[in-house]
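Each chain, written out:
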Amino acid sequence: MAVIVTGAGFDPWQELQAYQQAAQGLAGQVGATSVFVGTMRDFNEGSGVQAMTLEHYPGMTEKQLAAIVAEAGRQWQVLDALIIHRVGELLPNDPIVLVAVWTSHRGDAFDACRYIMEALKSKAPFWKKERLLSADERWVGKNTDGYHRAP
């Protein structure tokens, strides 16, 4: 299991490939891999967004993310997991987060990956400040629940 919080940009697909190649100990056990990649949108709460600064609490953030993965491992048969989360200044289309889960069966992979992502959004100590197209700045008060619902 790996949890990485970084100020550097990353290519989620290269990171995933490199991690899988390094995890040779799971050869033959993995039957499913579920992957979530989150990218920055250029809109939020009805406003255009030109950039976002993502802050975190170093040490505490990684500890909370590790606890989330451990909880997923108690609920599903997770063989391995990877979280990479970006902090610092981001622009639209920049990857923000990669969550990958390796299991023997697809149900566990899907469910554990979804759980990790939703718990990350609600429990991990990250704070977002958006710079709007109007040049105003605002702190994001809450995360969305992960679904777009028609009005």
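In this report, we go over the structure that sits alongside the text. Every value quoted in this text rests on a predicted model; they were computed, and no experiment measured them. (Residues numbered from 1 in each chain as written. Predicted model: local features only at pLDDT ≥ 70, side-chain atom pairs only at ≥ 80, totals over all residues. Heavy atoms only, no water.)

**Here's the deal with the overall build of the chain**
Broken down by element type, the chain carries three helices and nine strands. Ordered by position from N to C terminus, the α and β elements of the chain give β-α-β-β-β-α-β-β-β-α-β-β. Radius of gyration (C-alpha) of the chain: 16 Å, near the 15 Å computed for a compact globule of 151 residues. Overall, the chain is about 55 × 35 × 25 Å in size when its C-alpha atoms are taken along their principal axes. In the chain, of all internal contacts separated by at least 6 residues, the share reaching a separation of at least 24 is 74%. On the chain, roughly 8,700 Å² of surface is accessible, and the fraction owed to carbon and sulfur atoms is 51%. Counting 14 positive and 17 negative side-chain charges, the chain places the centres of these two groups 5 Å from one another. (Helix = DSSP H or I, 4+ residues; strand = E, 2+ residues; numbered from the N terminus. Rg over C-alpha atoms; globule rule 2.2 N^0.38 Å. Contact = heavy atoms within 4.5 Å. Areas by Shrake-Rupley, 256 points an atom, 1.4 Å probe, with all protein chains shown as cover. Lys, Arg positive; Asp, Glu negative; His and termini not counted. Charge placed at Lys NZ, Arg CZ, Asp CG, Glu CD.)

**Topic: the nonpolar core**
L65, I83, I96, V99, I116, L120 and F126 are the most contacted members of the largest nonpolar core, which totals 27 residues. Put simply, the parts of the chain that give this core at least two residues each are β4 (47-56), α2 (60-75), β5 (78-86), β7 (95-103), α3 (106-123) and β8 (126-132). Among the elements that make up this core, the one with the highest residue count is α3 (six residues). With residues up to four places along the chain from it excluded, the contact list for I83 reads A2, V3, I4, L65, V69, L98, V99, I116 and L120. Within the second largest apolar cluster, nine residues are counted, among which are F10, L82, A100 and W102. (Core = buried A, V, L, I, M, F, W, Y, C linked by side-chain atoms within 4.5 Å. Buried < 20%, exposed > 50% of the residue type's maximum accessible area, 1.4 Å probe, protein only.)

**Quick notes on the environment of L65**
You can see L65 is positioned in helix α2. Between the alpha carbons of L65 and I116 there is a distance of 8.4 Å; along the sequence they are 51 residues apart. If we skip the residues at most four places from it in the chain, L65 touches V3, V5, I83, L120, A124 and F126.

**Overview of unusual backbone geometry**
Not every positive phi belongs to a glycine, and E45 is a case in point at roughly 50°. In the Ramachandran plot, A135 falls in the positive-phi region, its phi being about 80° despite a non-glycine side chain. Position of A135 among the secondary structure elements: in the loop between β8 and β9 (137-139).

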